[in-house]
Amino acid sequence: MNDAAEFRVHADASALAAAAARRWQAIAAEAVAARGRFDVALAGGATPQTLYRLLAHPEWRASIDWGATHFWFGDERCVAPDHPDSNYRMAREALFDAIDTPPAQIHRIEGERAPEEAARRYEDTLRMQFAPAADDPPRLDLVLLGLGTDGHIASLFPDTPLLDESRRWVGANRVAKLDAWRISLTLPLLNAARHVVLLVSGEAKAAIVGEVLGQARTALPRYPVDRLRPAGRLEWLLDAAAAARLDPRGTLQ
Ligand code: 6PG
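Since this is a predicted model, take the numbers as computed values, not measurements. (Residues numbered from 1 in each chain as written. Predicted model: local features only at pLDDT ≥ 70, side-chain atom pairs only at ≥ 80, totals over all residues. Heavy atoms only, no water.)

## Focus: the site of the ligand
Reasoning step 1: Around the ligand, the surrounding shell holds 13 residues, and the nearest of these are Thr47, Asp75, His152, Ala154 and Lys205.
Reasoning step 2: For the ligand, an oxygen atom lies 2.6 Å from a polar atom in the backbone of Ala154.
Reasoning step 3: Assessed atom by atom at 2 Å from the grid points, the ligand resides in the largest pocket.
Reasoning step 4: A breakdown of the residues in the shell around the ligand according to their chemical character gives three nonpolar, six polar and four charged. (Near = heavy atom within 4 Å. Polar contact = N/O pair within 3.5 Å; in protein donor to acceptor, adjacent residues only side chain to side chain. 1 Å grid on protein atoms, 1.4 Å probe; cavity = no way out; pocket = protein on both sides within 12 Å on 5 of 7 lines; lining within 4 Å. Sits in = over half its atoms within 2 Å of the grid points. Nonpolar A, V, L, I, M, F, W, Y, C, P; charged D, E, K, R; others polar.)

Quick look at the structure:
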């Protein structure tokens, strides 16, 4: 576990979403001031939807420079963009439809293509956008991640090949337990980020949080999330239900 990580526990899911929105707003403002743009990789799944809907509300929407924002995705299911399982569809319905980010700045993973082709095209898009001098991965300003009950992040599941990818930035991952292919950013790209924020909510996550952050934690990377060692800041934002097995750390925000 990354000992430099920061942890904050919030009363419930809505307080967690408000805290995440404040972090988004601060990181976005800092990025736009410094570099004229804000590059954020969205998490999929259920947890971040409350945050995305909150950011779409008028009082939050007005406080963020959506025109300077570039959206990326931490991962995507291998489905069409209008499929109920699509992370892109979830984000479009919860956030994109309410803001004025130019469509060309919403970089979705093409889940409808063959997995390896989708991964290669996404990496090409990143290269075109960031034109890295060397082969170093681009430094996204913010990477949002959820946490699976098995300790997966993005679509880097335990015991899957992509977890050990050390060179490519995006890959296709065969996830046997889901009997499905996924496309995911890899650890080299995730760990290049200026800020990584993990959003963890609900009692279903209490066990894995206790394993990863609690007394049982070890220096050995037992879970994919243990391999997160971003060049920038790593922040865990939890609600009380997800943190139920932790000793009191700090106070409820
Ligand atoms: C996805 C996500 C995945 C998710 C975790 C937690 O595409 O599903 O990227 O990594 O963050 O599985 O999902 P929940 O927030 O739904 O618990």
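## Brief notes about the nonpolar core
Reasoning step 1: Judged by nonpolar contacts, the single largest core of 79 residues is most densely connected at Trp24 and Trp236.
Reasoning step 2: Among the elements that line this core, the one with the most residues is helix α1 (residues 13-35), at nine residues. (Core = buried A, V, L, I, M, F, W, Y, C linked by side-chain atoms within 4.5 Å. Buried < 20%, exposed > 50% of the residue type's maximum accessible area, 1.4 Å probe, protein only. Helix = DSSP H or I, 4+ residues; strand = E, 2+ residues; numbered from the N terminus.)

## What about the packing of aromatic side chains?
Reasoning step 1: Within the structure shown, the criterion is met by eleven aromatic pairs.
Reasoning step 2: Consider the rings of Trp72 and Phe130, whose centres lie 5.9 Å apart with planes at 40°: the pair is tilted. With a gap of 58 residues between them, Trp72 in strand β3 (residues 69-73) and Phe130 in helix α5 (residues 115-130) connect regions that are remote in the sequence.
Reasoning step 3: On the basis of relative accessibility, which here comes to 1%, the residue Trp72 falls in the buried class.
Reasoning step 4: Note on Phe73 and Phe96: the rings are 6.2 Å apart at their centroids and 90° apart in plane angle, and the pair reads as edge-to-face. One end of the pair, Phe73, is in strand β3; the other, Phe96, is in the loop between α4 (87-94) and α5, and 23 residues separate them in sequence.
Reasoning step 5: Residue Phe73 is classed as buried on the basis of its relative accessible area, which comes to 1%.
Reasoning step 6: Following the ring pairs from residue to residue traces out a cluster consisting of Trp24, Phe38, Trp66, Phe71, Phe73, Tyr88 and Phe96.
Reasoning step 7: One cation-aromatic arrangement involves Arg108 over Tyr88; the distance from NZ or CZ to the ring centre is 5.8 Å.
Reasoning step 8: Over the ring of Trp169 we find Arg127; its NZ or CZ atom is 3.9 Å from the centre of that ring. (Phe/Tyr/Trp six-rings, centres within 6.5 Å; stacked < 30°, edge-to-face > 60°. Lys NZ or Arg CZ within 6 Å of the ring centre and 35° of its normal.)

Treat this as a map of the structure, not an account of what it does.
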